[in-house]
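Understanding the architecture of this molecule
Below are the chains, spelled out letter by letter.
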Amino acid sequence: MKDLPITLSRRAFLGRSAAGFGSLALASLLDPALLTRADAAEGRSAVGAPNRWRGVVHPLHYPQRIKRVIHLYMAGGPSHLETFDYKPELAKANGRPMPTSFTKGQQIAQLQGQDLHCFGPQYAFQRYGKSGLEMSELFPFLGKVADDLCVIRSMHTEQINHDPAHTFMNTGSGIPGRPSMGSWSIYGLGSDAEDLPGYVVLMSSGRGGQMQPVAARQWSAGFLPSRFQGVYFYSKGDPVLYLGDPDGVTRADQREVLDAVDALNGLRHEQTLDPEILTRVAQYEMAFKMQTSVPKLMDISNESPETLELYGARPGDGSFAANCLLGRRLAERGVRFIQLYHRDWDHHGNLKNDIKLKAEEVDRACYALLTDLKRRGLYDDTLVIFGGEFGRTPMAQGDGRDHHIKGFSIWLAGGAVKGGIAYGATDELGYAAVENPVHVHDLHATLLYLFGIEHTKLTYRFQGRDFRLTDVSGVVVKDILA
């Protein structure tokens, strides 16, 4: 108080009081824990409340069925016709002209204006499990848990090229700059993780197919405060750059600097009421905690030999299998949204050989993840999603398939969905979803519903409009729910 003038006019007093109370109110809305000073040793507020975001949906709109999502993102667009949607009529029509009744006036990527010929399935299908779920012979391990899988064969989307299709699958819009579904989830619910981000992304590559880039905006918070963006962990080497302690700097030194920066940010926030300042405060605290938590998380060498064998993972190899194991470890630690990108599923040519390589890389790891979640008591409140940004054409592109948006397959697993079922269907040639079609907006609406959120009510006002993940569409697919 000594810096204040000895006398204040009534207007100055009210102005300064309003700014202070406004800052306090905004801070309490953004994060109640920011009302109090974080304790230097424990990273907790003075009253012992964890300094993390609690979400804006209170109370939940529906009973919460899941606590977390693990999204196994097969980037590049896996062919549904060699994986989860067998078409015997397409096999019979192999090499014949594609009927124009299917393709006339339709959007086709690189095959536009070319002679179109049917390209039969390159692998046989089998029935697995007690349910007799039909899947490709490329997935013998997944076949062991077929009765857990809910295969949606009637997915369709709106963007036919990779980058906008990734954007649409992640954000519900082909326009960059919208928040991802992981960011919406954290904004709505917060996270149970004490010392890790609520939304974590890992990426792997392998053999076969074209390695399409995946932009960081796919896990962006868009116009939401940046604290809700996904945090990318490198699969090899240092998981997060510059996370280690510099030479000669102790944890106590860092804590002292962090407290000083925190105080300066607090003063600046009182002047500007900029929510991004509070984001910086929260992110600095999280980075401080991650210096200890992330190395422990990423070190899978302490997993049992039996678990490593289950996944087929080797510590530090950066494989999809290792990332699946990390996904389980993230789930155990309370992370809300986990995305594991696996690239190279873009098969414009050499489809038969290359898709076999991709299936070998993911089959065992997916089986292991579902098995491990069960035995650790995480399966019932986890939703696992497997799929890409679109499918592939039933028409040949040399010895491959082009991008396709009219019909493709994904699968879901977890205690909240029915297992051992195939939902929806494409036509006899696998071209378009014709039975119980499921749009990307419907998938997003269902995801939020399982989190306990009504998708039409989770909104954020930006540039004069209330935006939501599902835009102005979306229907919860209740027929697939357990």
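First things first, this report covers the structure right here in the doc. (Residues numbered from 1 in each chain as written. Predicted model: local features only at pLDDT ≥ 70, side-chain atom pairs only at ≥ 80, totals over all residues. Heavy atoms only, no water.)

Here the focus is the nonpolar core. In terms of nonpolar packing, the biggest core is built from 59 residues, with L72, L142, L149, F320 and W411 touching the most fellow members. Looking at which element gives the most residues to this core, the answer is helix α11 (residues 351-375), with 11 residues. Every residue in contact with L149, bar those within four places of it in the chain, is listed here: L133, M135, L142, L370, W411, L412, A413, K418, G419, G420 and I421. V57, F337, V417 and Y423 belong to the second largest nonpolar core, which has 52 residues in total. (Core = buried A, V, L, I, M, F, W, Y, C linked by side-chain atoms within 4.5 Å. Buried < 20%, exposed > 50% of the residue type's maximum accessible area, 1.4 Å probe, protein only. Helix = DSSP H or I, 4+ residues; strand = E, 2+ residues; numbered from the N terminus. Contact = heavy atoms within 4.5 Å.)

Of the pairings in the sheet, the one linking strand β2 (residues 125-128) to strand β3 (residues 133-136) comprises 4 bridges and is antiparallel in character. By the bridge assignment for β3, R127 is matched with E134. Where β2 hands over to β3, the hairpin turn is made up of 4 residues, of which G129 adopts a positive phi near 70 degrees. (Pairing = 2+ DSSP bridges.)

Here the amide bond leading from H58 into P59 is cis, since omega sits at -5 degrees, within 30 degrees of zero. In this structure, P59 sits in the loop between α1 (10-30) and β1 (68-74). Even without being glycine, D344 reaches a positive phi, approximately 85 degrees. Given the relative accessible area of 2%, D344 is considered buried. Here D471, not a glycine, exhibits a phi torsion of approximately 55 degrees, which is positive. Tracing the backbone through its elements, the reader meets D471 in the segment after β17 (465-467). On the basis of relative accessibility, which here comes to 25%, the residue D471 falls in the partly exposed class.

The next point concerns the packing of aromatic side chains. Inspection of every chain in the model, using the stated rule, returns 22 aromatic pairs. When the centroid spacing of 5.1 Å and the interplanar angle of 5 degrees are considered together, the rings of F386 and W411 count as stacked. Of this pair, F386 sits in strand β8 (residues 382-387) while W411 sits in strand β11 (residues 408-413), and the two are 25 residues apart along the sequence. Across this residue pair, the class does not change: F386 and W411 are buried. Three or more aromatic residues joined by ring pairs form one cluster here, namely W53, W184, Y187, F223, F228, Y460, F462 and F467. (Phe/Tyr/Trp six-rings, centres within 6.5 Å; stacked < 30°, edge-to-face > 60°.)

Let's shift gears to helix α6 (residues 181-189). Burial analysis of α6 places 9 of its 9 residues in the buried class, the great majority of the element. Looking one or two residues past α6, G190 carries a phi angle of roughly 75 degrees, positive in sign.

Right, let's talk about the packing of α6 against helix α12 (residues 440-451) for a bit. Taken N-terminus to C-terminus, the directions of α6 and α12 make an angle of 25 degrees; their axes are 11 Å apart at the nearest point. As far as their axial angle goes, α12 and α6 are roughly parallel. Taken as a pair, α6 and α12 cross one another with a handedness that is right-handed. Across from M181, S185 and L189 in α6, the residues of α12 making contact are H444, L447, L448 and F451. Across the contact of α6 with α12, the residue classes break down as 5 nonpolar, 2 polar and no charged. (Axes fitted to C-alpha atoms, helices over the stretch in contact; angles between N-to-C directions. Parallel < 35°, antiparallel > 145°, perpendicular 65-115°, else oblique. Left-handed = near helix turned anticlockwise from the far one by under 90°. Nonpolar A, V, L, I, M, F, W, Y, C, P; charged D, E, K, R; others polar.)

So, about the packing of helix α5 (residues 162-171) against α12. Geometrically, a packed helix pair is captured by the angle between its two axes and the distance between the axes. With their axes 8 Å apart at the nearest point, α5 and α12 run at an angle of 30 degrees to one another. Side by side, α5 and α12 meet where F168, M169, N170 and T171 of the first sit next to V440, H441, L443 and H444 of the second. Looking at the contact of α5 with α12 residue by residue, the class counts come to 4 nonpolar, 4 polar and no charged.

So, on to the environment of P121. Within the fold, P121 resides in the loop between α3 (100-103) and β2. The exposure class assigned to P121 is buried, which follows from its relative accessible area of 17%. Ignoring anything within four residues of it in the chain, the contact list for P121 reads L81, E82, Y86, K87, L90, A91 and R401.

Note that C366 resides in helix α11. According to the relative accessible area criterion, C366 is buried, its value standing at 1%. With 224 residues separating them along the chain, C366 and L142 place their C-alpha atoms 6.9 Å apart.

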